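Secondary and tertiary structure notes
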Amino acid sequence: LVAGVSLVAPMFTLMIAFGDIFGLGGSSVISRLLGEKKDNEAKKTCAFCIWVSLVFGLCISAILLLFRTQILGLLGVSKVTYEYANAYYTWIAIGAVSIIFSMVPSNILRTEGLAVQSMAGSIIGSIVNIIFDPIFIFGLNQGAAGAAMATVLGNIIADIYYVYAVIKKSKRLTCSPSHMKITGRRVKDILMIGIPASITNIMQTFMMVMTNNFLLPYGTDKVAAMGIALKVNMITALVLVGFAFGGQPLVGYNYGAGEYDRVKKITHTSMGLIALVMVMGMAISCAIPQQLMGLFTTSRATMEIGGAALRIISFGFVVSSVSVTFSGVLEGLGKGMPSLLISLARYIVVMLPVSFALSRLLQASGVWYGFAVTEYIVAVLSYYIYKFHMRDIKG
């Protein structure tokens, strides 16, 4: 069951990638418009992103269901894992629209300083997911399908809250379809940030699929262990992303207002906070890796394999603060392509060949070392990409 779900898990990341097109793309544009005091343009951009993401999400759900067999094959699903993978995939595909849509208001709310509301929606969705997981999985005996049902339900409830927050709490944003008419130039601005941000997550999905394929020759237990290790790692990664992209609206607003000194101060402060969090994450992951794995599985073998993987992966935690911070700042400034270059460096130029080579030398553990080694190489590359594209920022 765990292996089947792990093979389909990249689809969830893919949904987030699609949501980022209008979530991160829209929030970057809106924050700069607010900094320039163009509130009406910001309101129109908000409405456009919300409604277009809803239509886009429905289209993605239809495509995923229509090409289910082909996509499951690409994910590496075999006869052994098909039953569980198919059950999980079906409900994730049905609920894709809720996952994609949630990325838009959750990002856009922060542009007006409504970070608490953005966080509340995420927490509400997570709580609903946690409560209904055992109900659907064990109480209703739905297994892997139940896990996906709980995930989708959590996102639907979160979406309802986000819409409420935009309507009732926001003074400068709107969900009204009557405001969604924007210029072609504005759409281009959204896509110039949103598409590179989306490609970043799509490449992450691709890398997860490739990682599973690298591990399959060494047994499905390795795939299951890696899937859980990455879920544990995601706890720390979400904190990292929270700091990096939480500061993005501040970067965009101050850049739009011409406050370049503040842009640099925000960048340095974000990196310092993120580095501190990642040091703590590394320390905990190295100290009690098997106990952390035990939060997701009762299998002693999986805990041992995944614990070893988590300890190795965690050594890349600290330096990941460099590339993630620079990527978030560049997106906030409206520089989507440089941010994409950092992602290309991570997943295609570095991680893919490094993980492939090390898996041939060290078998399964080589894949784990590939994650850590990649972060150090990408940290150096992202520093120079950032410096090159910040030459026009004075102050």
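Parameters at a glance
- Residues numbered from 1 in each chain as written.
- Predicted model: local features only at pLDDT ≥ 70, side-chain atom pairs only at ≥ 80, totals over all residues.
- Heavy atoms only, no water.
- Helix = DSSP H or I, 4+ residues; strand = E, 2+ residues; numbered from the N terminus.
- Rg over C-alpha atoms; globule rule 2.2 N^0.38 Å.
- Buried < 20%, exposed > 50% of the residue type's maximum accessible area, 1.4 Å probe, protein only.
- Contact = heavy atoms within 4.5 Å.
- Salt bridge = Lys/Arg side-chain N within 4 Å of Asp/Glu carboxyl O.
- Polar contact = N/O pair within 3.5 Å; in protein donor to acceptor, adjacent residues only side chain to side chain.
- Core = buried A, V, L, I, M, F, W, Y, C linked by side-chain atoms within 4.5 Å.
- Phe/Tyr/Trp six-rings, centres within 6.5 Å; stacked < 30°, edge-to-face > 60°.
- Disulfide = S-S within 2.5 Å.
- Lys, Arg positive; Asp, Glu negative; His and termini not counted.
- pLDDT = per-residue confidence, 0-100.
- Axes fitted to C-alpha atoms, helices over the stretch in contact; angles between N-to-C directions.
- Parallel < 35°, antiparallel > 145°, perpendicular 65-115°, else oblique.
- Nonpolar A, V, L, I, M, F, W, Y, C, P; charged D, E, K, R; others polar.

Concerning the overall build of the protein chain
Summing up its helical and strand segments, the protein chain has 17 helices and zero strands in all. Relative to a compact globule of 395 residues, whose C-alpha radius of gyration would be 21 Å, the protein chain shows 21 Å and is just as compact. When the backbone C-alpha atoms are referred to their principal axes, the protein chain occupies close to 55 × 45 × 35 Å. Classification of the 395 residues of the protein chain by burial places 54% in the buried group. Taking the intrachain contacts of the protein chain between residues at least 6 apart in sequence as the baseline, contacts between residues at least 24 apart amount to 81%.

Looking at the pattern of salt bridges
Scanning the entire structure with this criterion turns up five salt bridges. K38 is the partner of E36 in a salt bridge, and the nearest nitrogen-oxygen pair spans 3.5 Å. Its relative accessible area of 37% is what places E36 among the partly exposed residues. Take K38: its relative accessible area is 41%, and that puts it in the partly exposed class. D39 is the partner of R172 in a salt bridge, and the nearest nitrogen-oxygen pair spans 2.9 Å. Pair noted here: R172 is in the loop between α8 (143-168) and α9 (184-215) and D39 is in helix α3 (residues 39-66), with a separation of 133 residues, a long-range link. Overall, the relative accessible area of 24% leaves R172 in the partly exposed class. One continuous salt-bridge network, built from bridges that share partners, spans E41, R186 and D189.

Description of the side chain of S285
Looking at where S285 falls in the secondary structure, it is placed in helix α12 (residues 260-287). Polar side-chain contacts of S285 include one of 2.9 Å to the backbone oxygen of G281. Sequence-distant contacts of S285, that is, excluding residues within four places in its chain, are made with L292, L310, R311, S314 and F317.

Observations concerning the nonpolar core
A general feature of soluble globular proteins is that nonpolar side chains tend to end up buried together. Of all hydrophobic cores here, the largest spans 79 residues; its most connected members are M11, M15, L64 and W368. The dominant element in this core, judged by the number of residues it contributes, is helix α2 (residues 10-35), at 10 residues. Other than its neighbours up to four places away in sequence, L64 contacts M11, M15, I71, Y89, A93 and A96.

Digging into unusual backbone geometry
Positive phi, close to 65 degrees, is recorded for K37, a residue that is not glycine. Tracing the chain through its elements places K37 in the loop between α2 and α3. What makes K37 exposed here is its relative accessible area of 59%. With a phi close to 60 degrees, Q363 is a non-glycine residue in the positive phi region. Counting through the fold element by element, Q363 comes out in the loop between α16 (336-362) and α17 (364-389).

So, the packing of aromatic side chains
A full pass over the atoms with the stated rule returns nine aromatic pairs. Pairing F22 with F56 gives two aromatic rings, centres 6.0 Å apart and planes at 70 degrees, and the pair type is edge-to-face. Highlighted residues: F22 in helix α2 and F56 in helix α3, separated in sequence by 34 residues. Among the residues examined, F22 registers a relative accessible area of 8% and is labelled buried. Chaining the aromatic ring pairs together yields one cluster made of F326, Y383, Y384 and Y386.

Structural notes on the state of the cysteines
The tally for this structure, following the rule as stated, stands at zero disulfides. Not engaged in a disulfide, the cysteine C59 finds its nearest cysteine sulfur in C49; these two sulfurs lie 16 Å apart. For C59, a relative accessible area of 43% corresponds to the partly exposed category.

Some details on the environment of F356
Secondary-structure assignment places F356 in helix α16. The spacing of F356 and G125 is 231 residues in sequence and 36 Å in space, taken between C-alpha atoms.

Things to note about the side chain of D20
In this structure, D20 sits in helix α2. R110 provides the closest opposite charge to the buried, unpaired D20, separated from it by 8.1 Å. Those residues within four positions of D20 in sequence are excluded, and the remaining contacts are G25, M103, N107, G194, A197, S198 and N201.

Quick notes on the confidence of the model for the protein chain
Overall, the predicted model of the protein chain reaches an average pLDDT of 84, with 95% of residues at or above 70. Within the protein chain, the element-level pLDDT minimum falls on helix α1 (residues 2-8), averaging 67, and the maximum on α3, averaging 93.

Examining the packing of helix α5 (residues 82-94) against helix α6 (residues 96-111)
Two elements in contact, α5 and α6, have axes separated by 4 Å at closest approach and are oriented at 55 degrees. Judged by the inter-axis angle, α5 sits oblique to α6. The segment α5 lies against α6, with I92, A93 and I94 engaging A96, V97 and I99. Classifying every residue of the contact of α5 with α6 gives six nonpolar, no polar and no charged.

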